[in-house]
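An overview of the molecular structure
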Amino acid sequence: MIRTLLVATALATFASPALAETITIAPGEDAQERLQEALILAEAGDEIVLEAGRFTLTDGLSLDADGVTLRGAGMHASVLDFTGQQGAGEGLLVTSDSVTLRDFAVENPKGDGIKSKGADDIVYQRVRVTWTNGPASTNGAYGVYPVESTGILIDGVEVSGASDAGIYVGQSNRITVRNSIASYNVAGIEIENSRKAIVERNYVTGNTGGILVFDLPGLPVKNGGEVLVRNNLVANNTTANFAPEGNIVASVRRGTGIMVMANDTVWVGQNMLYDNPTAPIMVIAYPMPFDDPEYNPYPRDISIGFNSVDEGGTDPRFEGAEMLLAAFGGALPPVMWDGLEETPDSGTLMVHPEMKGWSLNLTEQGKGLDAANPGPLDVGAIGGPIDISDWGAPQALEARLQ
Amino acid sequence: MIRHFGILAAAAATLAITAGVQALPPPKVNDALIAGDTLPKTLGDYGFFLDTAANDPTPGVVPYRLNMPLFSDGAEKYRFVYVPEGEDVRLGEQSLLQFPVGSALIKTFAFGEGENQRKIETRVLLHRADGWVALPYVWNDDQNEATLALAGARREVTTPQGQQISYRVPNKNQCKECHGLQGAVTPIGPKARNLSAAWLQSFLGDVPEGAETLPLWEHRDTADVAATARAYLDVNCAHCHRPGATASNSGLDLRWETEAPQAFGVNKRPVAAGRGSGGLMFDIVPGDPEASILVYRMASDEPGVAMPELGKSIVHEDGVEVVERWIGGMAAQ
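Residues numbered from 1 in each chain as written. Chains lettered and ligands numbered in written order. Predicted model: local features only at pLDDT ≥ 70, side-chain atom pairs only at ≥ 80, totals over all residues. Heavy atoms only, no water.

So, the domain arrangement of chain B
Many authors give the size of an interface as the accessible area that is lost as the parts come together. Residue and element names in this part refer to chain B. As assigned here, chain B comprises domain 1 (7-17 + 24-204) and domain 2 (217-328). Between the C-alpha centres of domain 1 and domain 2 the distance comes to 27 Å. On the domain 2 side, the residues contacting the 25 residues of domain 1 number 25 residues. Both faces combined, the contact of domain 1 with domain 2 buries some 2,100 Å², and carbon together with sulfur accounts for 55% of it. Linking domain 1 to domain 2 there are 5 salt bridges. With a closest N to O distance of 3.6 Å, Arg-255 and Glu-93 form a salt bridge. Counting the contacts that link domain 1 with domain 2 gives 10 residue pairs in polar contact (both at pLDDT 80 or more). Put simply, the parts of the chain that give the side of domain 1 that touches domain 2 at least two residues each are β10 (164-169), α3 (172-179) and β11 (180-181). (Domains from an automatic or database assignment. Contact = heavy atoms within 4.5 Å. Buried area = accessible area lost by both parts, 1.4 Å probe. Salt bridge = Lys/Arg side-chain N within 4 Å of Asp/Glu carboxyl O. Polar contact = N/O pair within 3.5 Å; in protein donor to acceptor, adjacent residues only side chain to side chain. Helix = DSSP H or I, 4+ residues; strand = E, 2+ residues; numbered from the N terminus.)

Section: the sheet that holds strand β2 (residues 76-82) of chain B
In sheet architecture, strand pairing relies on hydrogen bonds along the backbone and comes in two forms, parallel and antiparallel. All names here are of chain B. Reading across from one edge, β1-β2-β5-β6-β7-β8 is the order of the 6 strands in this open sheet, with antiparallel pairing throughout. Single-partner strands in this sheet number two, and they are β1 (61-64) and β8 (146-148). Here the strands of the sheet are splayed against their neighbours by 25° on average, with no regard to which way each runs. For strand β6 (residues 118-128) and strand β7 (residues 131-139), the ladder comprises 8 bridges, and the chain directions are antiparallel. Of the residues in β7, the one forming a bridge with Glu-121 is Val-138. Of the strands in this sheet, β6 and β7 touch α3, which is tilted by about 125° from β7. Contacts from helix α4 (residues 197-204) reach β1 and β2, with the element oriented near 170° to β1. (Pairing = 2+ DSSP bridges. Axes fitted to C-alpha atoms, helices over the stretch in contact; angles between N-to-C directions.)

Some thoughts on the state of the cysteines
Residue and element names in this part refer to chain B. Evaluated as defined, the whole model comprises 0 disulfides over all chains. Cys-175 takes part in no disulfide bond, and the closest cysteine sulfur to it belongs to Cys-178, at a distance of 8.5 Å. Counting only cysteine sulfurs, Cys-178 is the nearest neighbor of Cys-240, a cysteine outside any disulfide, at a range of 4.5 Å. With relative accessibility at 16%, the residue Cys-240 sits in the buried group. (Disulfide = S-S within 2.5 Å. Buried < 20%, exposed > 50% of the residue type's maximum accessible area, 1.4 Å probe, protein only.)

Things to note about the interface of chain A and chain B
Facing the 45 residues of chain A at the interface are 36 residues of chain B. With both chains or domains summed, chain A and chain B bury close to 3,000 Å², and 50% of this area falls on carbon and sulfur atoms. When residues of chain A are sorted by the area they lose upon contact with chain B, Ile-40, Asp-64 and Gly-246 of chain A head the list and together hold 16% of the total. Counting across the interface, chain A meets chain B through 3 salt bridges. In this structure, the salt-bridge partner of Arg-168 of chain B is Asp-59 of chain A, at a minimum N-O distance of 3.2 Å. Between the two partners, chain A and chain B, sit 21 residue pairs in polar contact (both at pLDDT 80 or more). Of all elements in the fold, only α2 (31-41), β4 (59-63), β7 (87-94), β9 (112-117) and β11 (144-147) of chain A reach the threshold of two or more residues within the side of chain A that touches chain B. For the side of chain A that touches chain B, a count of residues per class yields 15 nonpolar, 18 polar and 12 charged. (Nonpolar A, V, L, I, M, F, W, Y, C, P; charged D, E, K, R; others polar.)

Some remarks on unusual backbone geometry
With omega at -10°, the peptide bond leading from Met-307 of chain B into Pro-308 of chain B counts as cis. Positive phi, close to 60°, is recorded for Asn-223 of chain A, a residue that is not glycine. Note that Asn-223 of chain A resides in the loop between β20 (209-214) and β21 (225-230). With a phi angle near 55°, Asp-301 of chain A is a residue other than glycine that sits in the positive phi range. Here Asp-301 of chain A lies in strand β27 (residues 300-304). What makes Asp-301 of chain A partly exposed here is its relative accessible area of 37%.

Comments concerning the packing of aromatic side chains
Evaluated as defined, the whole model comprises 17 aromatic pairs over all chains. Note on Phe-99 of chain B and Trp-132 of chain B: the rings are 6.5 Å apart at their centroids and 80° apart in plane angle, and the pair reads as edge-to-face. Placement of the pair is Phe-99 of chain B in the loop between β4 (97-98) and β5 (104-111) and Trp-132 of chain B in strand β7, with a sequence separation of 33 residues. We classify Phe-99 of chain B as buried; its relative accessible area is 5%. An aromatic cluster of three or more residues is present, and its members are Tyr-142, Tyr-145 and Tyr-168 of chain A. Seen from the ring of Trp-217 of chain B, Arg-220 of chain B lies directly overhead, with NZ or CZ sitting 4.2 Å from the centre. For the cation-ring pair, Arg-230 of chain B lies above Phe-264 of chain B, with the distance from its terminal atom to the ring centre recorded as 4.1 Å. (Phe/Tyr/Trp six-rings, centres within 6.5 Å; stacked < 30°, edge-to-face > 60°. Lys NZ or Arg CZ within 6 Å of the ring centre and 35° of its normal.)

Structure, rendered in structure tokens:
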């Protein structure tokens with residue numbers, strides 16, 4: 001009995017280090033130094049608490065200590081204001097594991113908002129990143145930007161104004177993005193070159209494109225796939241594209257709802273899609289020439305389940321849109337495919353029978369749309385269930401939500 | 001590749017005795033502080049220098065210079081290395097010198113000429129048992145003490161070109177943004193390929209293969225332009241733009257040894273550049289520097305666009321010129 005007790009005590013001590021500290025930081029003079037110093041000296045288990053108010057910052061902040069929580073008094077109460085930022089590529093950079101970010105805002109960073117790189121098991125909860133001047137090409141690229149990480153839980157986040165993607169997850173694994181609002185960005189939510197992601201119950205509106213699932217060549221982490229996009233409200237994504245040219249999202253046509261480019265095994269179902277007037281759902285191959293022998297430009301095993309959609313592409317941003325609209329009776333059917341496949345009839349795309357679609361019927365990857373021969377979509381129905389038991393953020397991260 | 005570090009100290013002791021000075025122990029670097037686990041409050045604590053102004057290195061603290069230096073807003077730099085007595089230095093990846101535990105690298109940044117020169121900061125890299133630690137120290141107005149500034153600082157300085165700027169002393173984490181590799185802090189400057197053979201001979205007692213490969217920055221107008229540009233990019237960019245480092249996710253690898261043109265930017269599309277792309281399609285467009293994102297970002301001083309992201313608040317015009325010349329001379333495709 002005594003031995004059992006001892007073991008229990010030892011476990012408890014390990015789970016909550018006796019020395020864990022709470023460090024409270026108030027806004028005001030020297031906020032940059034006081035907050036940054038706290039972030040540097042923090043140790044596992046520590047909580048750094050931002051009091052309510054506006055923290056005026058001149059430089060990027062960074063956190064490189066494992067197991068630290070940075071939290072504020074609410075996403076409208078504690079604001080890290082980077083309007084006068086003079087240096088660094090992002091507002092807040094996290095490079096350590098098991099970090100929790102909660103209840104604060106980042107406003108007007110010069111580059112990205114919050115970037116976490118190589119930061120495994122990170123939780124973003126009720127964090128807001130806003131460019132307060134609205135959509136502009138001079139805004140930073142990404143709002144919430146986890147990259148090269150395993151274990152990412154994003155819950156209740158709000159991002160608006162990003163000149164690339166509001167919530168961007170790149171080159172990562174085991175990802176959940178949910179209950180979040182992405183508005184007036186070029187891309188609302190983007191999952192890129194990543195695996196085992198669940199994107200659900202988000203409100204994605206006012207962007208150029210709503211939810212993008214992309215796989216791109218030339219990156220250290222390739223072969224994205226295993227992405228589930230369900231139960232999202234994707235509406236009114238009608239903002240003109242304001243991304244600086246050169247970036248892949250600059251090619252996203254305004255009015256795109258959910259877009260899958262390349263990738264292996266993606267399920268899109270039970271979403272509500274309204275007023276995405278180019279294409280509520282788009283599935284395409286990587287459209288450009290590339291030089292990367294390990295890259296597969298084609299989508300594979302893409303399932304479009306039942307989604308609640310309006311009439312579809314009523315005002316598409318395609319060359320020859322008028323002719324297309326006339327041909328399809330006033331609106332392009334909701335599911336658009338470019339027709340490109342790794343091998344013909346290989347089950348590239350499977351669509352619920354009640355979802356109408358059309359195809360560009362392209363025959364060659366990387367050759368543009370000139371050879372398009374549009375016609376009704378003719379693909380098989382969605383198949384059996386997919387095992388998603390190890391998709392999404394690891395269960396252990398849920399315990400850190402409050 | 002072995003060097004023993006007893007000679008200098010022994011010589012100093014001998015000198016002291018023959019000069020008739022009282023038999024005081026020779027000044028010594030505080031080895032315990034370097035190897036310990038504290039964050040020393042002042043630069044003076046280490047005993048790297050004999051004077052409070054940090055001009056005269058303690059025996060065992062050896063000055064060095066680099067063929068191709070990192071640009072830091074035009075700061076004058078004073079670099080020193082300290083290796084504990086009797087320890088060995090080896091050669092690692094990219095010909096980086098591998099200093100033993102207990103070693104330290106010391107770099108002071110100063111602005112102004114001659115008597116008007118003022119030290120702004122001294123960055124210290126300490127090799128401890130559990131890895132390297134990077135610490136920034138900021139100099140006081142009297143120039144007789146530099147104090148630990150974990151959170152970094154800003155100081156008004158005048159660059160050699162006469163620009164008034166707010167110079168950024170990086171915070172401790174930002175040190176790691178450039179010095180980080182596979183999540184650990186590492187030195188990046190002292191590579192055999194970027195050090196003179198003469199210095200290596202005197203420091204190591206040997207000249208390793210590949211020593212002094214990078215061209216001298218001062219010779220940029222006459223040296224091979226490709227070699228000069230690639231060396232410049234290696235030293236100024238590749239600590240982040242390489243696999244395993246801060247900008248690995250960009251897929252851009254600007255190391256000196258990178259051979260695949262696409263990897264060092266030729267016809268490579270940007271990944272996460274945002275407005276840093278400047279509306280351009282490729283990092284390097286052969287023959288067309290103006291269409292190359294690399295040049296666009298180097299030639300910017302705007303946060304969010306400018307590269308490097310840290311340690312630079314003004315454009316390095318001479319660096320831009322070299323890279324422009326290199327890209328301009330590439331055969332258009």
